[in-house]
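Examination of the molecular architecture
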Amino acid sequence: MTTTAEAGASVEASPLPPGDHAIATRGLTKRFSGGQLAVDDLNLAVPRGSVFGFLGPNGSGKTTTIRMLLGLVGPTAGSHELLGVRMPEGWATALPKVGSLIEGPAFHPHLSGLANLYRCDAADRTADPRTSRERIGAALERVGLTAAAGKRYKAYSLGMKQRLGIAAAMLGPRELLILDEPTNGLDPQGTREVRTLVREIAAEGTTVFVSSHLLAEIEQVCSHVAVMRAGRLVAQSSIEELRDGSGTRIRVETPDTDDATSVLTALGLADVRGDDGEVSAELGVLAPESICAEMVGKGVAVRGLAVMRPSLEDVFVQLTGEGFDVNG
Amino acid sequence: MSTAELTLAPRRVAGIGLRLFRSEVGLTFRRRRNQALLVLLGAVPVLVGIALRLTAKPGNNDGPNLINQVAGNGVFLSVGALFFVLPLILPLAIAVVSGDSIAGEASTGTLRYLLAVPAGRTRLLMVKYATSVTFCVASVATIAATALVTGFILFPVGPVTLLSGSTVSLAAGLGRLGLIGLYVAACVACLAAIGLAISTMTDSPIAAITATAVLPVTCEVIDAVPQLSAVHPYLFTHWWFSYDDLLRDPMVTQNVTRGLLTFLAYTLIFGSVAWARFTTKDITC
Ligand SMILES: Nc1ncnc2c1ncn2[C@@H]1O[C@H](COP(=O)(O)OP(=O)(O)O)[C@@H](O)[C@H]1O
Ligand SMILES: [Mg+2]
């Protein structure tokens, strides 16, 4: 177990230029004392300013990774930097600039939402007490909890609890927001609101690292994604790269299945599959219109032609070997 | 912190954590359970006072020492009440607060957020201990205060006759009482350090509270077994009742000093255990 050093204030920034990565890990590994390998040799590079989706099915190691990033859990091996500061030594420098939601919200049940936020703020010794009222008010406003601020936390609905958790993560000016499954337990409306919030926060220049086991819930807001499977990183790229790199197919409807198949094969397309009245192949680099022209030129009766981009969902099922839960 | 970082984040210079301490004290004293404990502790002198008032017969000097002393002077009710709560009720109250300190935050999940804020592990531990000590002082003060009020109402009050037979003024007697209060607070502050250490070892507050509460009772049992006399001086509870010596003239400080040193040693050892455990612990809840 790695010790969490307490001498954070004087830690030097890393050699990496600060504008480079909000999160960078090298070989981060966690084996729990029970022997469970929760995270295995993880190399993450989260560009500053990105909305980084951290995806993977339940139990794939997302929360454990986030706990390591924040210095809550000591890695068995590897190292990482947060906002260019080495962790866990640099916790006192890095963490005040990081807001987090870790495995669901947690507050004192008998205190009001407002009192809970005051307590969070009091724990941050870099937070200015003279501005705490405004900052807390602004955070409550942002998540739409102003009216319910005086209610006891235990009387909050699941969605309100989640929102209070997000408010607590935004009490100060943050350079990085780490949100672990922020849409868990929210209804579709609440999920949409979280997405809107993430977009707004990102628009202000804050890097957002958001984990989910439900791809569809965050796909629309992410600029980058990483996919975990059983503790290992199976993909990491910008969302366009991921889409493009993964077998877009062309599908031709035709009665002349055999001719169409030979045309596509002659063009050098991979994975040509002929079926009754339908032929498909991986599109590769060729333009669909030139394929169509070639077919027509060879006398194939083309009744329909479609380019099929796989949904990200399909890509992830490929990568993770299992589907994402449909409804949580 | 580099200058670049300072300009990046317009933050004040980090404080030492008084704000967190104030928040923590507020949380502790506003909590119903802890308020109930203080009420219970405050009720003990009232009950003891009434019982003594009903049983004591003025002029009868063959009864137990304490009864006669209280009957003769209400100031002694404080001493009597502390004597009454020290074996069980007071340690129980301290066990509840100190055992809950870290384990309670772990069980509600708020510990991970305090550390992610970041509160700092060492600082959080110190704030938690300072809060437990505050609760120790408040507990003893509550007992002493209600005992004084009850004593003044139910019994005659005047110059204080000490255990050694000489008499000092009421003010000097109250001064002695203050010293006794501080000594008893030190007794339980040492227990609070043990409770803090136990609290870092588990995520279950009930387990931590129970273990902390059972410990002084176990020590008192061992302290009562003559065959184990060799270890008696090393038991922290062995010195708990040495405050008697503060009621003699001149004050006998030998045992009290030995007691305070024992408490200090326990506090340092268990404080270090708590620190070593808590600063390296994986926070997985
Ligand atoms: N404290 C722990 N002790 C042992 N194993 C753990 C602990 N926490 C998590 N794990 C295991 O580590 C793996 C990853 O868990 P987690 O990081 O919570 O995944 P996710 O957040 O992606 O659902 C799981 O197999 C889980 O059982
Ligand atoms: Mg998780």
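Residues numbered from 1 in each chain as written. Chains lettered and ligands numbered in written order. Predicted model: local features only at pLDDT ≥ 70, side-chain atom pairs only at ≥ 80, totals over all residues. Heavy atoms only, no water.

What follows covers the interface of chain A and chain B. Of the residues lining the interface, 49 residues belong to chain A; the matching set on chain B comes to 38 residues. Interface area lost by chain A to chain B is led by Leu72, Arg119 and Arg125 of chain A, which between them contribute 19%. Of the charged contacts, one joins Asp121 of chain A and Arg19 of chain B as a salt bridge, the two residues approaching to 3.0 Å between their closest N and O atoms. Listed by contribution, the elements that provide at least two residues to the side of chain A that touches chain B are α2 (91–94), β7 (98–101) and α3 (113–123) of chain A. The biggest single contributor to the side of chain A that touches chain B is α3 of chain A, with six residues. Looking at side-chain class alone, the side of chain A that touches chain B contains 25 nonpolar, twelve polar and twelve charged residues. (Contact = heavy atoms within 4.5 Å. Buried area = accessible area lost by both parts, 1.4 Å probe. Salt bridge = Lys/Arg side-chain N within 4 Å of Asp/Glu carboxyl O. Helix = DSSP H or I, 4+ residues; strand = E, 2+ residues; numbered from the N terminus. Nonpolar A, V, L, I, M, F, W, Y, C, P; charged D, E, K, R; others polar.)

Time to look at the pairing of strand β8 (residues 176–180) of chain A. Residue and element names in this part refer to chain A. Most of β8 is tucked away, with five of its five residues classed as buried. Both faces of β8 are covered, namely the face carrying Leu176, Ile178 and Asp180 and the face carrying Leu177 and Leu179. Bridge count between β7 and β8: four bridges; the pairing is parallel. Opposite Gly99, over in β8, you have Leu177 as the bridge partner. With five bridges connecting them, β8 and strand β9 (residues 207–212) associate as parallel partners. Residue pairing across strands places Leu177 opposite Val208, the latter belonging to β9. (Buried < 20%, exposed > 50% of the residue type's maximum accessible area, 1.4 Å probe, protein only. Pairing = 2+ DSSP bridges.)

This next bit is on the sheet that holds β7 of chain A. All names here are of chain A. With mixed pairing, the six strands of this open sheet are ordered in space as β7-β8-β9-β4-β10-β11. In this open sheet, the two edge strands, each paired with only one partner strand, are β7 and β11 (232–238). This sheet shows a mean twist of 10 degrees between the axes of neighbouring strands, independent of strand direction. As defined by bridge partners, strand β4 (residues 51–55) adjoins strand β10 (residues 224–229) across four bridges and the pair is classed as parallel. In the sheet register, Leu55 faces β10, and the bridge partner there is Val227. Lying on the sheet, helix α1 (residues 62–69) is in contact with β4, β8, β9 and β10; it crosses β9 at an angle near 150 degrees. Relative to β10, helix α11 (residues 312–320) is tilted by about 35 degrees, and along the sheet it contacts β4, β10 and β11. (Axes fitted to C-alpha atoms, helices over the stretch in contact; angles between N-to-C directions.)

Soluble globular proteins tend to bury their nonpolar side chains together. Ranked by size, the top nonpolar core spans 96 residues in total, and within it Leu70, Leu82, Leu117, Leu176, Ile178, Val208 and Phe209 of chain A carry the most contacts. Element by element, the count of residues in this core is highest for helix α5 (residues 158–169) of chain A, at six residues. If near-sequence neighbours (up to four positions away) are discounted, Phe209 of chain A is found in contact with Ile23, Leu44, Val46, Phe52, Phe54, Ile66, Leu69, Leu176, Leu177, Ile178 and Leu179 of chain A. Of all hydrophobic cores here, the second largest spans 55 residues; its members include Ala93, Ala147, Val168 and Phe263 of chain B. (Core = buried A, V, L, I, M, F, W, Y, C linked by side-chain atoms within 4.5 Å.)

It is worth spelling out the sheet that holds strand β13 (residues 273–275) of chain A at this point. Residue and element names in this part refer to chain A. Read from one edge to the other, the open sheet built from four strands follows the order β13-β14-β12-β15, with strand pairing classed as antiparallel. Each edge of the sheet is formed by a strand with only one pairing partner; in this case those strands are β13 and β15 (304–308). Strand-to-strand twist of the sheet, defined as the mean angle between neighbouring strand axes without regard to direction, takes the value 15 degrees. With five bridges connecting them, strand β12 (residues 249–253) and strand β14 (residues 278–282) associate as antiparallel partners. Following the sheet pairing, Arg249 is matched in β14 by Glu282. Sitting on the sheet, helix α9 (residues 257–266) touches β13 and β14, and the angle it makes with β14 is about 15 degrees.

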